[in-house]
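Each chain, written out:
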Amino acid sequence: MAFEYEPHGRTQLPLLKMDEALIETLEDNQMQLQNVLASKYRAFFLQRAQDWQEKLSTTDTVINTWFEVQRKWSHLETIFIASEDTRSQLPEESKKFDTIDEDFRALVADAVKTPNVIECTNKPGLHTKLEALQDRLAVCEKALAEYLETKRLAFPRFYFVSSADLLDILSKGTEPLEVSRHLTKLFDSLAKLKFQEDADKKPQKVALGMFSRDGEYMDFDAECDLSGQVEVWLNRLLERMRSTLRSLMPQALGTYEDKPREEWVFDYPAQIALTGTQIAWTTEVGVAFASLEKGYENALKDYNKKQIARLNALISLLLGNLSAGDRMKIMTICTIDVHARDVIIKMIQTKVENSQAFAWQSQLRHRWDDGEKHCFANICDAQLRYAYEYLGNTPRLVITPLTDRCYITLTQSLHLYMGGAPAGPAGTGKTETTKDLGRAVGMMVYVFNCSEQMDYKSCGNIYKGLSQTGAWGCFDEFNRILVEVLSVIAVQVKCIQDAIRARKKTFNFLGETISLVPSVGIFITMNPGYAGRTELPENLKALFRPCAMVVPDFELICEIMLVAEGFLDARLLARKFITLYTLCKELLSKQDHYDWGLRAIKSVLVVAGSLKRGDPGSAEDQVLMRALRDFNIPKIVTDDLPVFLGLIGDLFPALDVPRKRNLEFEKVIREAVVELKLQAEENFVLKVVQLEELLQVRHSVFIVGNAGSGKSQVGPDHPGPPLTLAKHIPWPPMAPWREQGPMAPPQAEAEIAPVLKSLNKTYKMLKRRPVTMDLDPKAVTCDELFGIIHPATREWKDGLFSTAMRDLANITHDGPKWIILDGDIDPMWIESLNTVMDDNKVLTLASNERIPLTPTMRLIFEISHLRTATPATVSRAGILYINPADLGWSPIVASWIETRTEKSEKAALTILFDKYLPPCLEKLKSEFKTITPVPDVTAIQTVLSLLECFLTPQNVPPDSPREQYELFFVFACIWAFGGALFQDQLVDHRQQFSKWWLTEFKAIKFPSQGTVFDYYIHPNTKTFNLWDERVPAFELDPDVPLQVLVSKSLERQSTPEVLL
Ligand SMILES: Nc1ncnc2c1ncn2[C@@H]1O[C@H](COP(=O)(O)OP(=O)(O)OP(=O)(O)O)[C@@H](O)[C@H]1O
Ligand SMILES: [Mg+2]
């Protein structure tokens, strides 16, 4: 055999190609040789066989080492040869690599000349040469790892990007425009820079301002020089960002009194306007308290009136026309303002007269310190300095009493040099409240989704990064980490906390001296008691202050969000909303996929807001009712529907609002459905519309339905098992760091369910360029899905999902991009997606890489049930429930009949289906027991498959009478519906079925003896004959050993025929 080569991407050097057949043959031959050598008669061949054995084993080892060397070479080649920066940084190693490169090329050139595998690999000394190369490559690799580490020390935020990205950043370090692609991975919201341009409009290496992720722009307070080494200029950029925010704050405060606030807010970026408002609030309340002490009794009341007037002015802005950015800014300020107002009202009610009272002290109070020229946030006796991370124009949480309590616990824990640990059930705001506190003090908060792939080293790296950047880390689902790893983590966390307590500037962390920025905070959030979670070790528990987050203040959150969305009658509507959800929780049946928690509430509120803006004229209760009804119906099972509609009817009496429809869109859907050879039934189109609507508000959607209810592959136009991504992306595919260059193109034509398929087709017809990737998460292990760090070599092996996500994120057009996960849910894999599926929208990997879900990307899960999913998973996704009744059998059958060509046949079949299917389905469900569950669709599918085989021109020539069709139809039905029946202790269901059939359907006569299962249709006579007649008599052949004999029985004869 000969080797095959494929050219290397950049250098065109021929590289050895992985040849399965070759490896197989090699192994096979080695086995055969071994057999030869083990044989009694080997003496004659002994020498030759041993020679061959030696040769083959050399071949084997050489091929393995060759691949190893080749892999390392191609990985390092891109770094050492292609990147100028690395060459200048690591001159020694680059030189070393140059010689390796030369040697390797010589080897390759030599190898190519000898195509024969055995000859090529058995050249004397080849293996030693390869091994030497391998060792030298290892030296280079080590040097590279150390080099990356020095870069990380120079700019510690590099700890939170993957090595591949870091190398990319470093290699393009002198091109700020190229590096700016990675900014979102390094900063919270800073996403783009405005460059100074020269006369030809070419960007220079000077930045003038920054853009946030949401498109807000802010000028820098001074130009930022972006020349030099990347880690140096990134540090300069960080400094510029902070000083810009810091310098704007006193400016904003200085002008606060100059004009009405509703005009003032437009003069500043969202973050400054919000912080300014908060600082002003603290100052003004301070003034009010001072005059209260002077005896001016109405000071607080007067201030409250002023507050209300200001708030109302903002709300009236919300009712008008605003750009999306301005609207978000005002909504956020309103949200915080409502809380500020309520605090004062409460203080008035409880007659607080002193600024030292707890009611006031327990609030997060921002202030500007003129002496230090810094902004501070005080709460109780804790004080945090504002960190000036640019956050863009992002929403903030509603501050409820629970949020307040969490704020106090977390800030106190920082004050006491500890970590914080909010714990509680899913969707109560643990993660978001921690992040929100971070936002309140302008802090960068990294959220990590912990998983059992994390080991103490990868966590150690995170801690190293955090303590050098001074950022906060929020470790979500912390108790998914293995308990052995947790106890090491306890030591690491303690080490950092001790260093902060001792006010050290540098400290020893796991044997390395690193610098410490004391603002670092470590928080962990957990759902105790869910599947796949461990109990924390005691030494770890002692380092965190727990905070129970169990019941969020639904009504308050709902009310304030409604206010922020511009609803005037928010209080009443919020009450109705929450009452509906509470009643639903109690009165509807208990389904695994029902979730009436905060996440579900929030998504409906967002819909209500957009409906209101889309239709400003209609009454508020109509808008809310429509949102509540139309966005809950998709997940409600048929039996609960009347109850749900009844509840809505009671809460919103005498309201009859039609569903908001987009007829144009529906028309395209119908066309798409027809083009797919599916049936455009009203119900089906509605499901597609519902899916589209869900995808607009949720970025992850579960499509739940029984097998075959239209969710998974039915219909003869797409047979075959579901595609797994494994077909598109080879596993294990990767070099130590991800191979650069394009991956396999995403499969646009992946197998997807009819509803999905129809929507996908609709998008295509609308020219929206949808891209889908389909993968079966259960076909691979968790490590293969999300990647794993090799425990010994610390080499990162990328996973399927991470690759898929990265590839989709790299597609720049704005068409919809779906990752379709088609496989049963188990908490082990899906909980690793927790941070992707909630508001964070980032996939965090054990390699410390963070891949964001871009706004056009969606995760779609096709599943049959949510029995094994934890509430944390269920609450995170929108749910489209496909009731078996939604689709029924007729579309499947109709689609199939359309594939038949003969006209008379079509007519005959339609009548037969109508006659036989409904009673059979009914009986199958109600009376007969099958060995395994047989969903309706499977039975129908079987009928169709059987018919497809029987209805041949020989059996039913064109224009046969209907009876002829009926004969075969009956036979197909009997086996499709009766084939899987069995005999339990009391009843033989097959007998029962046969009896029922003979009395129910008399059109086709069976012989009077036996059951309907005893007969087959004779191909010539077209009459029923006994299977028994076809069973050959058993004859004992004395020459054949007994165990080889097969006795032909009735089942053995009939089964293959029916199974076809
Ligand atoms: N005070 C609040 N105001 C507004 N929205 C809130 C508030 N608290 C929580 N939410 C919303 O509730 C949702 C769930 O919050 P979060 O993701 O923090 O839950 P969690 O407690 O971390 O849940 P899990 O345990 O499943 O991770 C988020 O969408 C968040 O915005
Ligand atoms: Mg969380």
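Predicted model only: the values in this text are computed from it and were never measured. (Residues numbered from 1 in each chain as written. Chains lettered and ligands numbered in written order. Predicted model: local features only at pLDDT ≥ 70, side-chain atom pairs only at ≥ 80, totals over all residues. Heavy atoms only, no water.)

What to know about a negative patch on the surface
Then, in step 1: Taken together, the side chains of E20, E24, E27 and D28 present a region of like negative charge at the surface.
Then, in step 2: Assessed through its relative accessible area of 55%, E24 is described here as exposed. (Patch = residues over 30% accessible without salt bridge, like charges linked within 9 Å, V, L, I, M, F, W, Y side chains within 5 Å. Areas by Shrake-Rupley, 256 points an atom, 1.4 Å probe, with all protein chains shown as cover. Salt bridge = Lys/Arg side-chain N within 4 Å of Asp/Glu carboxyl O. Lys, Arg positive; Asp, Glu negative; His and termini not counted. Charge placed at Lys NZ, Arg CZ, Asp CG, Glu CD. Buried < 20%, exposed > 50% of the residue type's maximum accessible area, 1.4 Å probe, protein only.)

A short note on the sheet that holds strand 7 (residues 374-379)
Then, in step 1: Read from one edge to the other, the open sheet built from three strands follows the order 6-7-8, with strand pairing classed as antiparallel. Sheet topology places strand 6 (365-369) and strand 8 (382-385) at the edges, where each strand pairs with a single neighbour. Sheet twist, expressed as the average angle between the axes of neighbouring strands with direction ignored, equals 30°.
Then, in step 2: As defined by bridge partners, strand 6 adjoins strand 7 across five bridges and the pair is classed as antiparallel. Bridge pairing in strand 7 places H366 opposite A377. (Pairing = 2+ DSSP bridges. Helix = DSSP H or I, 4+ residues; strand = E, 2+ residues; numbered from the N terminus. Axes fitted to C-alpha atoms, helices over the stretch in contact; angles between N-to-C directions.)

A closer look at the packing of helix 22 (residues 570-587) against helix 24 (residues 620-632)
Then, in step 1: Across the interface, helix 22 lies against helix 24 with an axial gap of 11 Å and an inter-helix angle of 20°. If you check the angle between helix 22 and helix 24, you find them roughly parallel. For the crossing formed where helix 22 meets helix 24, the hand is right-handed. Taking contact as the criterion, the partners of L573, F577, L580 and Y581 in helix 22 are, on helix 24, E620, D621, L624, L628 and N632.
Then, in step 2: Across the contact of helix 22 with helix 24, the residue classes tally to six nonpolar, one polar and two charged. (Parallel < 35°, antiparallel > 145°, perpendicular 65-115°, else oblique. Left-handed = near helix turned anticlockwise from the far one by under 90°. Contact = heavy atoms within 4.5 Å. Nonpolar A, V, L, I, M, F, W, Y, C, P; charged D, E, K, R; others polar.)

Some points on the pairing of strand 14 (residues 521-525)
Then, in step 1: For strand 14, a buried count of five out of five residues is recorded, marking the element as mostly surrounded by other parts of the structure.
Then, in step 2: The alternating pattern of strand 14 places G521, F523 and T525 and I522 and I524 on opposite faces, both of which are buried.
Then, in step 3: Across five bridges, strand 11 (residues 472-476) lies against strand 14 in parallel orientation. In the sheet register, G473 faces strand 14, and the bridge partner there is I522.

Comments concerning helix 1 (residues 20-38)
Then, in step 1: Over its 19 residues, helix 1 extends 27 Å from the first C-alpha to the last, a length consistent with the 27 Å expected when each residue adds 1.5 Å.
Then, in step 2: The inward-facing, buried residues of helix 1 abut helix 2 (46-80) and helix 5 (117-121). (Expected span 1.5 Å × (residues − 1).)

Here we look at the site of ligand 1
Then, in step 1: Of all residues adjacent to ligand 1, which total 19 residues, the nearest are K430, T431, N527, K602 and R876.
Then, in step 2: In the environment of ligand 1, a nitrogen atom lies 2.7 Å from a nitrogen or oxygen atom belonging to the backbone of V398.
Then, in step 3: For ligand 1, an oxygen atom lies 2.7 Å from a polar atom in the backbone of E432.
Then, in step 4: Across the complex, the protein chains shield 98% of the 630 Å² of accessible surface that ligand 1 would expose by itself.
Then, in step 5: Secondary structure elements with two or more residues in the shell around ligand 1: helix 17 (430-440) and helix 23 (598-614).
Then, in step 6: Grouping the constituent residues of the shell around ligand 1 by class yields six nonpolar, six polar and seven charged. (Near = heavy atom within 4 Å. Polar contact = N/O pair within 3.5 Å; in protein donor to acceptor, adjacent residues only side chain to side chain.)

Quick look at the pairing of strand 6
Then, in step 1: Most of strand 6 is tucked away: four of the five residues are buried.
Then, in step 2: Between the end of strand 6 and the start of strand 7, which pair antiparallel, lie four residues, with K373 showing a positive phi angle near 55°.

Observations regarding the pattern of salt bridges
Then, in step 1: Throughout the structure, instances matching the rule amount to 46 salt bridges.
Then, in step 2: Among the ionic pairs, D168 bridges to R181, the shortest N-O distance being 3.0 Å. Taken together, the positions of D168 in helix 7 (residues 163-171) and R181 in the loop between helix 8 (176-179) and helix 9 (183-186) put the pair 13 residues apart, joining distant regions of the chain.
Then, in step 3: Classification of D168 by relative accessible area gives buried; the value is 15%.
Then, in step 4: Here R670 and E666 are joined by a salt bridge, their closest N and O atoms 4.0 Å apart. Of this pair, R670 and E666 both sit in helix 26 (residues 663-675), four residues apart, which is roughly one turn of that helix.
Then, in step 5: Each of R629, D630, R659 and E693 takes part in a single network of salt bridges with overlapping partners.

Comments concerning a nonpolar patch on the surface
Then, in step 1: Residues V36, F44 and F45 make up a contiguous nonpolar surface patch of roughly 330 Å² in combined accessible area.
Then, in step 2: Mapped onto the fold, F45 is located in the loop between helix 1 and helix 2.
Then, in step 3: Looking at F45, the relative accessible area reads 39%, which means it is partly exposed.

Topic: the packing of aromatic side chains
Geometrically, a pair of aromatic rings is defined through the distance of the ring centres and the angle of the planes.
Then, in step 1: Going through the model one piece at a time under the given rule, you end up with 47 aromatic pairs.
Then, in step 2: With a centroid separation of 6.1 Å and an interplanar angle of 45°, the aromatic rings of W66 and F104 are classed as tilted. Here W66 is found in helix 2, whereas its partner F104 is found in helix 4 (residues 91-113), with 38 residues between them in sequence.
Then, in step 3: Take W66: its relative accessible area is 6%, and that puts it in the buried class.
Then, in step 4: Taken together, a centroid distance of 6.1 Å and an interplanar angle of 80° make the contact between W996 and W997 edge-to-face. Across this residue pair, the class does not change: W996 and W997 are buried.
Then, in step 5: Of note, K55 hangs over the ring of W52, and the distance from its end group to the ring centre comes to 4.7 Å.
Then, in step 6: Note that R850 overlies the ring of F448, its terminal NZ or CZ placed 5.2 Å from the centroid. (Phe/Tyr/Trp six-rings, centres within 6.5 Å; stacked < 30°, edge-to-face > 60°. Lys NZ or Arg CZ within 6 Å of the ring centre and 35° of its normal.)

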